[in-house]
Amino acid sequence: MQDSYQIAFVGFGEAAMAFVKGWRENGELSLRAFDVKTQTPDTAIASAKREDYATHLVGGEDSLSTALKGASVVFSLVTADQAHAAARATAPHMERGSLFLDCNSCAPGTKRRSAKCIENAGGRYVDVAVMSPVYPKLHKTPLLISGPHTKAAMAVFDYLQMSAKVMDGDVGRASSVKMVRSIMMKGLEALFAECVLAGRQAGVDKEVLASLDVTYPGFNFTDRASYSFERMTAHGKRRAEEMKEVALTIEELGLPNDMAHAIVNWQSRIGNLGMTAGEDNYQKRADALLARFNKNTGKMETEE
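Below is a short write-up of the structure. (Residues numbered from 1 in each chain as written. Predicted model: local features only at pLDDT ≥ 70, side-chain atom pairs only at ≥ 80, totals over all residues. Heavy atoms only, no water.)

## Remarks on the pattern of salt bridges
And then number 1: Scanning all chains against the criterion turns up 10 salt bridges.
And then number 2: Measuring nitrogen to oxygen at the nearest pair gives 3.0 Å for the salt bridge that ties D127 to K111. Of this pair, D127 sits in strand β6 (residues 124-130) while K111 sits in helix α5 (residues 108-120); the two residues are 16 residues apart in sequence, bridging distant segments of the chain. One exposure class covers both D127 and K111, and it is buried. (Salt bridge = Lys/Arg side-chain N within 4 Å of Asp/Glu carboxyl O. Helix = DSSP H or I, 4+ residues; strand = E, 2+ residues; numbered from the N terminus. Buried < 20%, exposed > 50% of the residue type's maximum accessible area, 1.4 Å probe, protein only.)

## Thoughts on the sheet that holds strand β5 (residues 99-102)
Two orientations exist for strands paired in a sheet by backbone hydrogen bonds: parallel and antiparallel.
And then number 1: Strands sit in the order β3-β2-β1-β4-β5-β6-β7-β8 across an open sheet of eight strands; the sheet is mixed. With one partner strand each, in any of the chains shown, β3 (59-60) and β8 (164-166) form the two edges of the open sheet.
And then number 2: Two elements, strand β1 (residues 7-10) and strand β2 (residues 31-34), share four bridges in a ladder whose sense is parallel. Counted as the bridge partner of I7 is L31 from β2.
And then number 3: Its contacts with the sheet put helix α6 (residues 150-159) on β4 (73-76), β5, β6, β7 (143-146) and β8, and the angle it makes with β7 is roughly 150°. (Pairing = 2+ DSSP bridges. Contact = heavy atoms within 4.5 Å. Axes fitted to C-alpha atoms, helices over the stretch in contact; angles between N-to-C directions.)

## Focus on the pairing of β7
And then number 1: Burial along β7 is two-sided: L143 and I145 and L144 and S146, pointing in opposite directions, are all buried.
And then number 2: Pairing analysis gives three bridges linking β7 to β8, with the strands arranged parallel. Looking at β8, one finds that I145 is bridged to V166.
And then number 3: Handedness of the crossover is the feature at issue here: the chain leaves β7, passes through α6, returns alongside β8, and the resulting connection is right-handed. (Right-handed = clockwise from strand over helix to strand, strands pointing away.)

## Here we look at helix α9 (residues 221-252)
And then number 1: Look at α9: only 34 Å from first C-alpha to last across 32 residues, short of the 46 Å you get at 1.5 Å a residue.
And then number 2: At H235, α9 shows its largest bend, some 80°.
And then number 3: Two residues or fewer past α9, G254 is found with a positive phi of approximately 80°. (Expected span 1.5 Å × (residues − 1). Bend = angle between axes of the 7 residues up to and from the residue.)

## Notes on the nonpolar core
And then number 1: Counting residues in hydrophobic clusters, the biggest one holds 34 residues, and the most contacted among them are F9, F12, W23, F75, L101 and F157.
And then number 2: Broken down by secondary-structure element, the contributors of at least two residues to this core are β1, α1 (14-24), β2, β4, β5, β6, β7 and α6.
And then number 3: Per-element accounting of this core gives the leading share, six residues, to α1.
And then number 4: By size, the runner-up hydrophobic cluster in this structure holds 27 residues, among which are F229, V246, A247 and M275. (Core = buried A, V, L, I, M, F, W, Y, C linked by side-chain atoms within 4.5 Å.)

## A short note on unusual backbone geometry
And then number 1: Note that the residue after Y135, namely P136, is joined by a cis bond; omega there is 15°.
And then number 2: Among the secondary structure elements, P136 is positioned in the loop between β6 and β7.
And then number 3: Even without being a glycine, L138 presents a positive backbone phi close to 55°.
And then number 4: Checked against the element boundaries, L138 lands in the loop between β6 and β7.
And then number 5: A relative accessible area of 9% means that L138 is categorised as buried.

## Considering the packing of aromatic side chains
And then number 1: The final tally for this structure, using the stated rule, is 14 aromatic pairs.
And then number 2: When the centroid spacing of 5.2 Å and the interplanar angle of 65° are considered together, the rings of Y5 and Y159 count as edge-to-face. Of this pair, Y5 sits in the segment before β1 while Y159 sits in helix α6; the two residues are 154 residues apart in sequence, bridging distant segments of the chain.
And then number 3: Residue class for Y5 comes out partly exposed when judged on its relative accessible area of 21%.
And then number 4: Among the residues examined, Y159 registers a relative accessible area of 22% and is labelled partly exposed.
And then number 5: Aromatic side chains F192 and F219 sit 6.5 Å apart centroid to centroid with 5° between the ring planes, which places their arrangement in the stacked category. You can see F192 sitting in helix α7 (residues 173-202) and its partner F219 sitting in the loop between α8 (205-215) and α9, a full 27 residues away along the chain.
And then number 6: With a relative accessible area of 27%, F219 lands in the partly exposed category.
And then number 7: The rings of F9, F12, F19, W23, Y53, F75 and F157 are connected pair by pair, giving a single aromatic cluster.
And then number 8: When the ring centre of F219 is taken as origin, the NZ or CZ atom of R224, which lies over that ring, is 4.5 Å away.
And then number 9: Across the ring face of W266, the terminal group of R269 is positioned such that the distance to the ring centre comes to 4.6 Å. (Phe/Tyr/Trp six-rings, centres within 6.5 Å; stacked < 30°, edge-to-face > 60°. Lys NZ or Arg CZ within 6 Å of the ring centre and 35° of its normal.)

## Digging into the environment of K178
And then number 1: Within the secondary structure, K178 sits in helix α7.
And then number 2: A relative accessible area of 11% places K178 in the buried class.
And then number 3: Once the C-alpha coordinates of K178 and S30 are considered, the two residues, 148 residues apart in sequence, prove to be 30 Å apart.
And then number 4: Apart from residues no more than four positions distant in its own chain, K178 is found in contact with S105, A129, V130, M131, K186 and E242.
And then number 5: Here the side chain of K178 touches V130 through a polar contact of 2.7 Å, landing on its backbone oxygen. (Polar contact = N/O pair within 3.5 Å; in protein donor to acceptor, adjacent residues only side chain to side chain.)

Below, the structure is given as structure tokens:
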């Protein structure tokens, strides 16, 4: 793979590192990145992020403007709550005509506001929806893209051997699929948490899951329960921020968003505990979570 694009990352977390890992298996690329974690006063966090740069052979920059200088393609991969702020911060430093690939999990309205910032600055904004976890597929993770610049974006994705599909329509259409789908995907995790924790507390979890397996054969509720706890423990904080954007999406559509808000509560409640996933056993994971309940208030404790 020869380098015909100068690529920069705004945000260098799990998704960015997964993409780079996949690309590196097929050749060399010249990559730069900026992540706000390098500006934190917590030296351990800043050092860890610089180690991420070094591990992935990415040029980590101390300023956003330096990272973006000369870049023809910008991948925005930050947390959902920071996506619009990242677009606003990026806009003044982008090269005219460069592509801004907004891969963040945001409401269509949020993406349209970000698009306006980028387009007004002379950039070309692309709505990108990441449709599955980035592991194990890495750069082959399915993507949906929409907006007026999808042809140019597809040339980049094809060059990088990524798995992108164009959705006809304006900015926000790809993200609508991602947001609405998340009601079900993140909602299942929240349902498992409430159902299994209640069942475990009552001492009837095995009977409940066995009954569900009879009603929905082939779903394998026991394995799904373990997987859901693992996902929420590891990524609940990030999922909660995404679900806030889902709630906003539903509000923009003029519909009640009670379920989305409930999912925010469960994802953040478990994600904020700062626990590791532990053993691959739903009962042990449920017991570890139940042990963190504050018996006096009935609320889940969180780490300071």
